[in-house]
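# Structural characterization, general
Read off the chains here:
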Amino acid sequence: MSTEDYPLPAESVLNHIVDVHCHPTDAESISPESMDNLKITVCAMSSRQSDQPLVRALATAYPDKVIACFGYHPWFSHWISLVPRVSKEEHYRSLFPEGDTNTLQQLLQSFPDPTPLDEVIAELRQNLEAFPNAMIGEVGLDRAFRVPYDYFASPRQLTPFTVPLSHQLAILEAQIDLAVDLRRNISMHSVKAQMNTKDLLDKMKKKHGANWNSISVDLHSCGLSAQMWRDIEKKHNNVFLSLSMVINSRSSNHVALIKECSPDKILVESDYNDITCCAQQTFNILQVVAQTKGWHIEESWDDGTDTASWGAVRRLEENWKAFKAGNHPSHESRASKKKKRHEGWLSDSDT
């Protein structure tokens, strides 16, 4: 993928672009000027206890531009305990039982006291209920990351430890259960966990039944193989994927993923923490999607209803609307697929 910056379109077009995954509150500061200059909508993720209130404040200040997303990222899952009353030392020793005494003692000095999972879920529920259009995110699974001694140190030094997948799954499943209960959509991280992610989605579908399709799930900066995505898309009509330049441009494999993804299941994102770069980064990956799918990009906005004339921005906006609305049918009827193919959404290879 090219990493060049493409000239941004007219403001009337930018206003219809949604960055479905970014981390603006990870920046040292967000200036009022940068928010005033923001012409797209952003979904602002949280990932740990300290940034939930930051996302809440940003969405409160800019409700027309920021969609709040509350959740706990797998990189911070070791800070959460699955039982309500456990000592700090007991908790971390149970997660890293093979660690040597000196390393564990060093970790105990920098790690926070663990927060019980039931308190995490109670806080998430409170935040989600305060923001009716909020999502859950960023949550997920990661089998590649190693736990740092101090996440906030610079440079960041890594331990030999990884968080057990069973622990990550317990925390993720609790957040997904809450999402289904409150009918909220999810932005999900998946790294080196293709089969685990597929198995989890299958499990959630079986567990929640028809309610599973009431929500949407976005596999953000999706790194799945084209074949794995094909398998997931066939079974889960409520699962979308989004792509970013910062992550997906590292591998040409993701062009195959764009080609494989149904045109009505793809979204775009920046995955940036600098709000001043979100529009440019999101438009850059939008260009890649458009080029790969053979879609033109609008030079000005037209609210026309002729779907055959829709450009990439309109198509992706419609995808976002479908993602946001949820309530997906279990299986698309043949008539629905035929209609989409006639309107240019699906090619014969998509069916």
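What comes next concerns the included structure. (Residues numbered from 1 in each chain as written. Predicted model: local features only at pLDDT ≥ 70, side-chain atom pairs only at ≥ 80, totals over all residues. Heavy atoms only, no water.)

## Regarding the pairing of strand E9 (residues 239–243)
Counting buried positions along E9 gives 5 out of 5 residues, so the element sits mostly inside the fold. Burial of E9 is two-sided: the residues Val239, Leu241 and Leu243 facing one way and the residues Phe240 and Ser242 facing the other way are all buried. Two strands pair when backbone bridges link them, and strand E8 (residues 217–219) and E9 are joined in this way by 3 bridges, in the parallel orientation. When the bridges of E9 are listed, valine 217 appears paired with valine 239. Between the parallel pair E8 and E9, the chain is carried across by helix H9 (residues 226–235), and the sense of this crossover is right-handed. (Buried < 20%, exposed > 50% of the residue type's maximum accessible area, 1.4 Å probe, protein only. Helix = DSSP H or I, 4+ residues; strand = E, 2+ residues; numbered from the N terminus. Pairing = 2+ DSSP bridges. Right-handed = clockwise from strand over helix to strand, strands pointing away.)

## Digging into the pattern of salt bridges
Counted according to the given criterion, the structure contains 13 salt bridges. With a shortest N-O distance of 3.6 Å, arginine 48 and aspartate 51 are connected by a salt bridge. The buried category is assigned to arginine 48, whose relative accessible area is 9%. Here aspartate 51 falls in the buried class, since its relative accessible area comes to 0%. Note that lysine 321 is salt-bridged to glutamate 318, the shortest N-O span being 3.4 Å. Separated by 3 residues within a single helix, lysine 321 and glutamate 318 lie in helix H13 (residues 312–325), roughly one turn from each other. (Salt bridge = Lys/Arg side-chain N within 4 Å of Asp/Glu carboxyl O.)

## Observations concerning the packing of aromatic side chains
For the coordinates displayed, the defined rule picks out 10 aromatic pairs. Relative to phenylalanine 152, the ring of tryptophan 79 lies with its centre 6.4 Å away and its plane at 35°, an arrangement referred to as tilted. Residue tryptophan 79 is located in the loop between strand E3 (66–70) and strand E4 (80–81), and its partner phenylalanine 152 is located in the loop between strand E6 (135–142) and helix H7 (165–182); the two are separated by 73 residues in the primary sequence. Looking at phenylalanine 152, the relative accessible area reads 53%, which means it is exposed. Both rings, one in tyrosine 92 and one in phenylalanine 111, keep their centres 4.9 Å apart while their planes meet at 55°; by these two values the pair is tilted. Of this pair, tyrosine 92 sits in helix H4 (residues 88–95) while phenylalanine 111 sits in the loop between helix H5 (101–110) and strand E5 (115–116), placing them 19 residues apart in sequence. This pair shows no difference in class: tyrosine 92 is buried, exactly as phenylalanine 111 is. Taken together, the ring pairs connect Phe76, Trp79, Tyr151 and Phe152 into an aromatic cluster. (Phe/Tyr/Trp six-rings, centres within 6.5 Å; stacked < 30°, edge-to-face > 60°.)

## Observations regarding the sheet that holds strand E1 (residues 18–22)
One open sheet holds the 8 strands; their spatial order is E1-E2-E3-E6-E7-E8-E9-E10, and the pairing between them is parallel. In this open sheet, the two strands that pair with only one neighbour each are E1 and strand E10 (266–268). Each neighbouring strand pair of the sheet contributes to a mean axis angle of 30°, computed without reference to strand direction. Of the pairings in the sheet, the one linking strand E7 (residues 186–191) to E8 comprises 3 bridges and is parallel in character. Across the sheet, residue methionine 188 finds its bridge partner in E8, namely leucine 219. The sheet strands contacting helix H8 (residues 194–208) are E6, E7, E8 and E9, and the helix crosses E7 at an angle near 145°. (Axes fitted to C-alpha atoms, helices over the stretch in contact; angles between N-to-C directions. Contact = heavy atoms within 4.5 Å.)

## Some words on helix H3 (residues 52–61)
Given 3.6 residues per turn, any residue in an α-helix points the same way as the ones three and four places further on. Residues of H3 that are buried: Gln52, Val55, Leu58 and Ala59. The buried residues of H3 all sit within an arc of 130° when viewed along its axis, so they share a single face. Buried-residue contacts for H3 involve helix H2 (32–36), strand E2 (41–44), E3 and helix H6 (117–130). (Arc of directions from axis to C-beta.)

## A short note on H6
Relative to the 20 Å expected for 14 residues at 1.5 Å per residue, H6 spans 20 Å between its end C-alpha atoms, a close match to the ideal helical length. Here H6 has its buried residues at Leu117, Val120, Ile121, Leu124, Asn127 and Leu128. Each buried residue of H6 sits inside an arc of 125° when the element is viewed along its axis, so together they form one side. Opposite its buried face, H6 presents the exposed residues Gln126 and Glu129, each directed more than 90 degrees away. On its buried face, H6 is in contact with H3, E3, E4, E5, E6 and H7. (Expected span 1.5 Å × (residues − 1).)

## Re the pairing of E3
Most of E3 sits out of view: 5 of its 5 residues are buried. Taking every second residue as pointing to the same face, both faces of E3 are buried, with Val66, Ala68 and Phe70 on one and Ile67 and Cys69 on the other. In terms of strand pairing, E2 meets E3 through 3 bridges, oriented parallel. Bridge pairing in E3 links alanine 44 to alanine 68. Handedness of the crossover joining E2 and E3 through H3: right-handed. Direction of pairing for E3 relative to E6: parallel, over a ladder of 2 bridges. Following the sheet pairing, phenylalanine 70 is matched in E6 by isoleucine 136.

## A closer look at the nonpolar core
Judged by nonpolar contacts, the single largest core of 74 residues is most densely connected at Ile186, Leu219, Trp229 and Ile266. Among the elements that line this core, the one with the most residues is helix H12 (residues 275–293), at 9 residues. With residues up to four places along the chain from it excluded, the contact list for tryptophan 229 reads Leu219, Leu224, Val239, Phe240, Leu241, Leu257, Glu260, Cys261, Ser262 and Lys265. Ranked by size, the runner-up nonpolar core spans 15 residues in total, among them Trp79, Leu95, Phe111 and Tyr149. (Core = buried A, V, L, I, M, F, W, Y, C linked by side-chain atoms within 4.5 Å.)

Note that all results are geometric; they support no functional claim without further evidence.
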